[in-house]
Amino acid sequence: MKRRRRSLVPLWERKGCSCIESDHLLLLTTLVFSNRQPLHALISIIRIMSDDNMEEDRPSTATSRRRPNILITGTPGVGKTSTAASIAVRKRPDEFTQKPVSENAALFQLLADVFFHSFLENTGKGHGPYEHWKICRGKQML
Amino acid sequence: MNIGKFAEENKCYEGRDEELDTNVLDEDKLLDLLEVAFQQAADEGKGIVADFHVCEIFPERWFDLVLVLRATTEILFDRLEARGYPEKKRSENMESEIMQVILDEARASYAPEIVHEVPSNTVEDLQSNVQRACSWWDQWLSDHT
């Protein structure tokens, strides 16, 4: 089971502590000698580095979320952003409102998807085409 | 949520690899910021569709479905070339796809039942993947309400 540090920035909020992840010895020295509250700094570092600040990773079986989270992953260039954007666009009404999608909205969605896919096919893949598509779609909506 | 863009906007980088023409990710900073964003979305009753080429750094509990997109080497080569990637970066990505590095990472990091490998070579593949994810989303909602 994976473990990860719960947080590396619980108390200092990274103010003047940019070295916190990379060099804890340097951080300790810096804080103890420069901070007005060296004891507080020391306790903070012990807390950060402590095993108590680690959490066991676990699957999201007992989730209290009302909507699921999806991760689209893959090697750069496989179409992650296009896929994620298309899913998000389709589920947006579901995510932001409980009202059913009207026929006009559904038709518009279909046209937008076809336009987007044609655009992708004609111009290549990657983030650029989607950004362009979003702009085009925004103009259409206006 | 394009996590690469999110990382860029929030300066979650600890350096730059000039040879690969890429930034070096500050994972801890990224995860700390994402934790807040995911919690906020959950509090507002919203879901997140995230895309990123690294999947093993996230806590397992964040995701209910992990789609690993795959492309054939010929198609991927053309796409990366069209993006103007330097040769070394392109070769590393091609090698990663051939060795199915991301798929293995996903399988090692998440429960097997939520990890799905899907082809992403054509527009039809894209439509099919989107349709599949949307159907799954609807099913999830009906199972959890």
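Heads up: the structure comes first, above all this text.
Residues numbered from 1 in each chain as written. Chains lettered and ligands numbered in written order. Predicted model: local features only at pLDDT ≥ 70, side-chain atom pairs only at ≥ 80, totals over all residues. Heavy atoms only, no water.

1. Things to note about the overall build of chain A
Link 1 in the chain: Looking only at helices and strands, chain A has five helices and three strands in total.
Link 2 in the chain: When the helices and strands of chain A are read in sequence order from the N terminus, they spell out β-α-α-β-β-α-α-α.
Link 3 in the chain: When the 142 residues of chain A are sorted by exposure, 41% land in the buried category.
Link 4 in the chain: Contacts in chain A between residues at least 24 apart in sequence constitute 59% of all its contacts with a sequence separation of at least 6.
Link 5 in the chain: When the accessible surface of chain A is summed, it comes to about 8,600 Å², and 58% of that surface belongs to carbon and sulfur atoms. (Helix = DSSP H or I, 4+ residues; strand = E, 2+ residues; numbered from the N terminus. Buried < 20%, exposed > 50% of the residue type's maximum accessible area, 1.4 Å probe, protein only. Contact = heavy atoms within 4.5 Å. Areas by Shrake-Rupley, 256 points an atom, 1.4 Å probe, with all protein chains shown as cover.)

2. Considerations on the sheet that holds strand 4 (residues 65-70) of chain B
Link 1 in the chain: One open sheet accounts for four strands, arranged 3(B)-3(A)-4(B)-5(B); its pairing is parallel. The open sheet is flanked by strand 3 (49-51) and strand 5 (115-119) of chain B, the only strands paired with a single partner. Across the sheet, the mean angle from the axis of one strand to that of its neighbour is 25°, orientation sign disregarded.
Link 2 in the chain: Alignment of strand 3 (residues 70-73) of chain A against strand 4 of chain B, held across four bridges, turns out to be parallel. The residue bridging L71(A) from the neighbouring strand is V66(B), located in strand 4 of chain B.
Link 3 in the chain: Strands in contact with helix 5 (residues 101-109) of chain B are strand 3 of chain A together with strand 4 and strand 5 of chain B; relative to strand 4 of chain B, the strand with the most contacts, it is inclined by about 165°. (Pairing = 2+ DSSP bridges. Axes fitted to C-alpha atoms, helices over the stretch in contact; angles between N-to-C directions.)

3. Things to note about the pairing of strand 3 of chain A
Link 1 in the chain: Where burial is concerned, the two faces of strand 3 of chain A agree: the one with I70(A) and I72(A) and the one with L71(A) and T73(A) are both buried.
Link 2 in the chain: Pairing geometry for strand 3 of chain A and strand 3 of chain B, over three bridges, is parallel. Residue L71(A) lies in a different strand from strand 3 of chain B, and its bridge partner there is A50(B).

4. A closer look at unusual backbone geometry
All names here are of chain B.
Link 1 in the chain: Here K11, not a glycine, exhibits a phi torsion of approximately 55°, which is positive.
Link 2 in the chain: For K11, the position within the fold is in the loop between helix 1 (3-9) and strand 1 (13-17).
Link 3 in the chain: The exposure class assigned to K11 is exposed, which follows from its relative accessible area of 62%.
Link 4 in the chain: Phi is positive for Q100, which is not a glycine, with a value near 45°.
Link 5 in the chain: Here Q100 is to be found in the loop between helix 4 (87-98) and helix 5.

5. Some points on the pattern of salt bridges
Residue and element names in this part refer to chain B.
Link 1 in the chain: Following the criterion strictly, the structure yields five salt bridges over all chains and no others.
Link 2 in the chain: Of the charged contacts, one joins R70 and E97 as a salt bridge, the two residues approaching to 2.8 Å between their closest N and O atoms. Of the two residues, R70 is situated in strand 4 and E97 in helix 4; the sequence distance between them amounts to 27 residues.
Link 3 in the chain: Taking the relative accessible area as the measure of exposure, E97 reaches 3% and is therefore buried.
Link 4 in the chain: Several salt bridges converge on common partners, so that one network encompasses R70, E97, R107 and E117. (Salt bridge = Lys/Arg side-chain N within 4 Å of Asp/Glu carboxyl O.)

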